[in-house]
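Below are the chains, spelled out letter by letter.
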Amino acid sequence: MAAYVLRRILLALPALFGLVVLSFVLVRIVPGDPAATLAGDAATPQQVEEIRARYGLDRPLAEQLLVHLRQVMTGDFGRSVFSDRPVAEEIGQRLPATLELTFCALAMATVFGVGLGLAAALDHNGPVDHLVRLLSVAGLAVASFWLAILLQLLFAMDLDLLPLRGRIDVELGPPAERTGFFLVDALLEGRRDRFVDALRHLVLPAVTLALPGLATIARFTRSGVLETLQKDFVLYARAAGYGRFRLAAIYVLRNAVTATVTQVGLLFGALISGAVAVEAIFDWPGIGTYAVRAILSADYKALLAVTLVVGVVYAVVNVLVDVAQGLIDPRVADTSE
Amino acid sequence: MAEPAPPTLEVSGLAVEIATDNGLARILDDVALAVAPGEIAGVVGESGCGKSTLVRAVLGILPRGARVPRGAVLFQGADILGDGAAAARGRIGFIPQDPYLSLNPVFRAGDQILEIMRRHAPGRRADHVRRLVDLLRAVQIPEPEAALARYPHQFSGGQRQRLLIAAALSCDPALVVADEPTTALDVTTQREILALLARLARERGLAMLFVTHDFGVVAGLCDSVTVLYAGRVAEAGPVRAVLDEPRHPYARLLLACHPDRATDLAGIPGTVPPATRQPAGCRFHPRCPIAVADCAAAVPPPVAIGGGRRVACPRHDMALPVAELA
Ligand SMILES: Nc1ncnc2c1ncn2[C@@H]1O[C@H](COP(=O)(O)OP(=O)(O)OP(=O)(O)O)[C@@H](O)[C@H]1O
Ligand SMILES: [Mg+2]
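Residues numbered from 1 in each chain as written. Chains lettered and ligands numbered in written order. Predicted model: local features only at pLDDT ≥ 70, side-chain atom pairs only at ≥ 80, totals over all residues. Heavy atoms only, no water.

**A word on the nonpolar core**
Nonpolar side chains in soluble globular proteins tend to end up buried together.
Point 1. Counting 174 residues, the largest nonpolar core has Leu9, Leu14, Ile165 and Phe210 of chain B as its most contacted members.
Point 2. Among the elements that line this core, the one with the most residues is helix α11 (residues 244–282) of chain A, at 15 residues.
Point 3. Not counting the four nearest positions on each side in its chain, Ile165 of chain B is found in contact with Ile95, Val139, Ile193, Leu196, Leu197 and Leu200 of chain B.
Point 4. Of all hydrophobic cores here, the second largest spans five residues; its members include Ala12, Leu16, Ala315 and Val323 of chain A. (Core = buried A, V, L, I, M, F, W, Y, C linked by side-chain atoms within 4.5 Å. Buried < 20%, exposed > 50% of the residue type's maximum accessible area, 1.4 Å probe, protein only. Helix = DSSP H or I, 4+ residues; strand = E, 2+ residues; numbered from the N terminus. Contact = heavy atoms within 4.5 Å.)

**A closer look at the site of ligand 1**
Residue and element names in this part refer to chain B.
Point 1. Inspection of the region around ligand 1 gives 13 residues, with Ser47, Gly48, Lys51, Ser52 and Thr53 positioned closest.
Point 2. Taking Ser47, its side chain carries an N or O atom lying 2.5 Å from an oxygen atom of ligand 1.
Point 3. Contact distances for ligand 1 include 2.8 Å between an oxygen atom and a side-chain N or O atom of Lys51.
Point 4. Coverage of ligand 1 by the protein chains reaches 64% of its 630 Å² of free accessible surface.
Point 5. Put simply, the parts of the chain that give the shell around ligand 1 at least two residues each are β1 (9–20) and α1 (51–59).
Point 6. In terms of residue count, the dominant contributor to the shell around ligand 1 is α1 (three residues).
Point 7. Taken together, the residues of the shell around ligand 1 break down into four nonpolar, six polar and three charged. (Near = heavy atom within 4 Å. Polar contact = N/O pair within 3.5 Å; in protein donor to acceptor, adjacent residues only side chain to side chain. Areas by Shrake-Rupley, 256 points an atom, 1.4 Å probe, with all protein chains shown as cover. Nonpolar A, V, L, I, M, F, W, Y, C, P; charged D, E, K, R; others polar.)

**Overview of unusual backbone geometry**
Residue and element names in this part refer to chain A.
Point 1. The backbone of Asn125 sits at a positive phi, close to 65 degrees, despite the residue not being glycine.
Point 2. Within the chain, Asp283 stands out as a residue other than glycine whose phi angle is a positive 55 degrees.
Point 3. Examined against the element boundaries, Asp283 turns out to sit in the loop between α11 and α12 (287–296).
Point 4. Taking the relative accessible area as the measure of exposure, Asp283 reaches 46% and is therefore partly exposed.

**Looking at the domain arrangement of chain B**
Residues and elements named next belong to chain B.
Point 1. Examined at the domain level, chain B breaks down into domain 1 (9–91 + 173–325) and domain 2 (104–172).
Point 2. Taking only C-alpha atoms into account, the centre of domain 1 sits 30 Å from that of domain 2.
Point 3. Counting residues at the interface gives 16 residues for domain 1 and 14 residues for domain 2.
Point 4. Together domain 1 and domain 2 conceal approximately 1200 Å² of surface at their shared face, both sides included; 64% is due to carbon and sulfur atoms.
Point 5. The interface formed by domain 1 and domain 2 includes one salt bridge.
Point 6. Here Arg162 makes a salt bridge to Glu192, at a shortest N to O gap of 3.3 Å.
Point 7. Joining domain 1 to domain 2, the criterion identifies four residue pairs in polar contact (both at pLDDT 80 or more).
Point 8. Here the side of domain 1 that touches domain 2 takes eight residues from helix α7 (residues 187–204), the largest share from any one element. (Domains from an automatic or database assignment. Buried area = accessible area lost by both parts, 1.4 Å probe. Salt bridge = Lys/Arg side-chain N within 4 Å of Asp/Glu carboxyl O.)

Have a look at this one:
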């Protein structure tokens, strides 16, 4: 198992390297002159040239790439042109917000998706099945910005049950920073009020973000369970006297979720890109809003850093998914030896 | 003289219907058989004749859409059709056809058998483990303690079938039902498994219902045999008598086609019709060399012909044309 995990990690490294190179090339071949942007509208051509020289933008692209790679290796992402602060620092502040949001959404999508998928499969072609199908079609079809606004109108404006936007009540203030995850930090400092408030702020954006993934997971789980129910070993287990609940919830589900787990890894990418829109609507101070700002202000250092960080998170999640798969199905780790 | 012991399993007049897209299919019709304590009863028939359906009816795991319009399945005298009989079924061990597909690949083999034991007899896990290790030794799994922690794919096919035999024995059964338990195995392994089953049945005085399509296996293992054709009993009786002198035209053709009795049942012209389009009367008559008009008119019931034998053919005394037997 350890060798298997190590190999999954090593396999992720070339992908990340490719990501760094590709994103760099993409950012540099899109129209627009970073030196001109950096210098600002009022700059003279001479000033632009100076800046070009200072940032090494006059060097050949390959050389710039090498410089960029070396900086990335040492964790130096440069300064943001927008705020003139180190990009690494800004991202470090915002990343936990996004991770907290996406992990909660992912957890919600997984727990409810698997539960609904299982319930649907066990009631194959029955009312529960139809209801879940309706829900998952809706979950995939509904645009998240529309859903977000709908939820805001209903739960924040009309019913006044949940906060409209933000991450925590301004008067309450954020918990003392230890991990950057408000839920965790609030627990660590023993502040129940902050925990509850952070949780209440999380609900609407997390639900919005989770819904498409929930729909996908429900569908995969449903078909996985239905497929597994056809297997000989299920018939055998029934003949051997396994109880109905144990059979469905443990015996069948574990086989059925192997396909679902792969989906979870892929879904995480969709969640991160979904977070860009959701963060903007709910005014969530995460990396999504940061990325939007970076794009709009042609802040290419920030943009490259965000791309890489997201790539790393994605890679880590997928290594975890591979590990989970190896734990769920012992053949996975065995056969890839 | 002592009373003969009541049969461990007694199936009588059993019919099973399954709703299919082409209408209601009567998969089994008027099937009767009995297994005495300590007896190994064989059930033979071509693919699709309803052997597995019979097994599933006995085990109470008929597929969705199946119903039993008639008949009874008595286990130790108690009717076990219907849901109320789960407890009685707890004392029926089951050995499935395909050891490669019958164990869940993502759980340890030992845990799967322990779960079965736990369902049948609540008790301390340590006690179950001890009993299971003994059982694994009895079915000749090497290093039984270590085997408990392994996953199904880490065993060979023959070993997996041994595991499943151990699982079948783990509930301390009065009856073991085996559905072609050696079909998925190579010939050598097949022979080993059959020898093991014969020995276990003898040692433990098990009653066994043994389903196969292989007359050779029946000859070597069983005390009695029931020949099914298209969901009905064609002929039944003590194994020596039936194999040495079959009376139903179907059984005679089968055994004539295969004098070594060791191969499958594919040598008769024509095929078994699908269950939704069975001919009226005797279901075998379209393929039968001695059929007459009457055969299509009424279903011939199995009749006793002495020596504990039953034959579902009124013309069982007729000679078959020589050409058919060549
Ligand atoms: N779930 C089902 N739905 C519809 N028809 C079925 C179903 N299960 C079995 N049948 C039909 O019932 C008949 C008997 O099937 P069964 O599996 O009992 O045969 P078998 O004698 O065990 O064959 P084999 O030797 O191939 O295992 C076949 O014609 C099959 O098509
Ligand atoms: Mg079968």
